[in-house]
Amino acid sequence: MQWFRPGRAISGTARAELDVRVGGRYRISFTGPDGEYHEVGGVYREVVPNERLVFSWAWHSTPERESLVTVSIRPEAGGTLLTFHHAQFADEGARDNHKRGWTEFLTNLESFVA
């Protein structure tokens, strides 16, 4: 939770429950600056330690709009290359909103690693 949260989450409100195995579920929640509660969850579809995670992604407010996230990592030039792919959006608005949110997550990760 030190980095896997949107930058706009109210400090101390982010929570995560993870069962990282194929078929395992996860749930992440936080409160936004407007006081609105947000919760997302899904199921791990592929778990390859130190290589790849594939999981479904659906907000509790719109569970029918499930999408798919793939995160891959591999060694590269003395570091690690992270490839992030989020697909199967319901529409362009959802895609754009997720792009904004994931940019915040990855900015948090960059700060955490530094």
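See above for the structure.
Please read these numbers as outputs of a predicted model, since none were measured by experiment.

Attention now goes to the pairing of strand β2 (residues 25–31). In terms of burial, β2 is a largely internal element, five of the seven residues being buried. Bridge count for strand β1 (residues 15–18) against β2 is four bridges, and the pairing is antiparallel. When the bridges of β2 are listed, Ala16 appears paired with Ile28. Taking the residues that link successive antiparallel strands as the turn, the β1-β2 hairpin has six residues, and the phi of Gly23 there is positive, at about 90 degrees. Across seven bridges, the pairing between β2 and strand β3 (residues 37–48) is antiparallel. Within β3, the position partnered with Ile28 by the bridge is Val40.

Moving on, we come to the packing of aromatic side chains. One pass over the full model with this rule turns up ten aromatic pairs. Taking the centre distance of 5.5 Å and the plane angle of 50 degrees together, the rings of Tyr26 and Tyr44 count as tilted. Of this pair, Tyr26 sits in strand β2 while Tyr44 is found in strand β3, placing the two residues 18 residues apart along the sequence. Accessibility classification places Tyr26 together with Tyr44 in one group, the buried group. Between Phe30 and Trp59, the aromatic rings sit 6.5 Å apart at their centres with planes inclined by 80 degrees, giving edge-to-face as the arrangement. Linking Phe30 in strand β2 with Trp59 in strand β4 (residues 52–59), this pair joins segments that are 29 residues apart in sequence. Overall, the relative accessible area of 22% leaves Trp59 in the partly exposed class. Three or more aromatic residues link up through ring pairs in this structure, and these residues are Tyr26, Phe30, Tyr44, Phe55, Trp57, Trp59, Phe84, Trp102 and Phe105.

Parameters at a glance
- Residues numbered from 1 in each chain as written.
- Predicted model: local features only at pLDDT ≥ 70, side-chain atom pairs only at ≥ 80, totals over all residues.
- Heavy atoms only, no water.
- Buried < 20%, exposed > 50% of the residue type's maximum accessible area, 1.4 Å probe, protein only.
- Helix = DSSP H or I, 4+ residues; strand = E, 2+ residues; numbered from the N terminus.
- Pairing = 2+ DSSP bridges.
- Phe/Tyr/Trp six-rings, centres within 6.5 Å; stacked < 30°, edge-to-face > 60°.

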